[in-house]
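Residue-level listing of the chains:
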Amino acid sequence: MTHYHVWFSFKQDIPEQQGLEAVAAFLTRLCTESRAVDFHLAKNNGQPPRSKLPPYHAAIRFADAAALGSAIKRQAQEGIHDGLHGQMLEVIDQFHVEVFSGITIPEPGEFRGS
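The rules behind each value
- Residues numbered from 1 in each chain as written.
- Predicted model: local features only at pLDDT ≥ 70, side-chain atom pairs only at ≥ 80, totals over all residues.
- Heavy atoms only, no water.
- Salt bridge = Lys/Arg side-chain N within 4 Å of Asp/Glu carboxyl O.
- Helix = DSSP H or I, 4+ residues; strand = E, 2+ residues; numbered from the N terminus.
- Buried < 20%, exposed > 50% of the residue type's maximum accessible area, 1.4 Å probe, protein only.
- Axes fitted to C-alpha atoms, helices over the stretch in contact; angles between N-to-C directions.
- Parallel < 35°, antiparallel > 145°, perpendicular 65-115°, else oblique.
- Left-handed = near helix turned anticlockwise from the far one by under 90°.
- Contact = heavy atoms within 4.5 Å.
- Nonpolar A, V, L, I, M, F, W, Y, C, P; charged D, E, K, R; others polar.
- Polar contact = N/O pair within 3.5 Å; in protein donor to acceptor, adjacent residues only side chain to side chain.
- Pairing = 2+ DSSP bridges.

A.B. asks: Residues and numbers for the pattern of salt bridges, please.
C.D. replies: Pairs may arise between side chains of opposite charge once their charged atoms sit close together. What the rule picks out here adds up to eight salt bridges. Glu78 serves as the salt-bridge partner of Arg29, at 3.1 Å between the closest nitrogen and oxygen. In this pair, Arg29 sits in helix 1 (residues 16–32) while Glu78 sits in helix 2 (residues 65–78), placing the two residues 49 residues apart along the sequence. Relative accessible area serves as the criterion here: at 34%, Glu78 is assigned to the partly exposed category. When salt bridges with common partners are traced through the structure, they connect Arg29, Glu33, Arg35, Arg74 and Glu78 into a single cluster.

Have a look at this one:
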């Protein structure tokens, strides 16, 4: 699995519910069109200065790096600022993206440190 994480905030004039609906609409479409496996939205309980990340988090899972690359390429072809992706961008203020690859943990006894 490839895990695409986005921490984000909404523009000051955007109510939380409106912003979350825009994000969820785009991510739901990714999943219904089989571009992504699933997603999860969360709100950070920490406040600055303790937390350095924006208050909202989206974790989107893709089958693998190729699926993520294909989804990004398709969105670029459709237009970054068009459709549901464009509507989502209209409500977001700042964001930070990180991409992780899943790790397979060996069964007990299989792992040998060096």
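A.B. asks: Describe the packing of helix 1 against helix 3 (residues 83–91), with residues and values.
C.D. replies: Contact geometry of helix 1 with helix 3 gives a least axis separation of 9 Å together with a crossing angle of 155°. Accordingly, the angle class assigned to the pair helix 1 and helix 3 is roughly antiparallel. Crossing angle aside, the handedness with which helix 1 passes helix 3 is left-handed. Seen from helix 1, the contacting residues are Gln18, Gly19, Ala22, Val23, Ala25, Phe26 and Arg29; seen from helix 3, they are Leu84, His85, Gln87, Met88 and Val91. Its residues placed into classes, the contact of helix 1 with helix 3 shows seven nonpolar, four polar and one charged.

A.B. asks: Describe the environment of Val23, listing the residues and the values that go with them.
C.D. replies: Along the chain, Val23 turns up in helix 1. With relative accessibility at 2%, the residue Val23 sits in the buried group. The sequence separation of Val23 and Ala76 amounts to 53 residues, and the corresponding C-alpha distance is 17 Å.

A.B. asks: Lay out the environment of Thr2 with the relevant residues and their values.
C.D. replies: Turning to its location among the elements, Thr2 is positioned in strand 1 (residues 2–10). In the structure, Thr2 is positioned 55 residues away from His57 in sequence and 16 Å away in space, judged by C-alpha atoms. Residues within four places of Thr2 in sequence aside, it is in contact with Ile60, Arg61, Phe62, Ala63, Asp64, Ala65, Leu68, Val99 and Phe100. A polar side-chain atom of Thr2 sits 3.0 Å from the main-chain amide nitrogen of Ala65.

A.B. asks: Quick rundown of the sheet that holds strand 3 (residues 56–62)? Include the residues and the values.
C.D. replies: Across the sheet, four strands lie side by side as 2-3-1-4; this open sheet has antiparallel pairing. Among the strands making up the open sheet, the edge pair consists of strand 2 (38–43) and strand 4 (92–101). Each adjacent strand pair in this sheet contributes to an overall mean axis angle of 15°, direction not counted. Pairing of strand 2 with strand 3 involves six bridges; the strand directions are antiparallel. Its bridge partner being in strand 3, Asp38 is matched across the sheet by Arg61. Sheet strands in contact with helix 3 are strand 1 and strand 4, and its direction is about 120° off that of strand 4.

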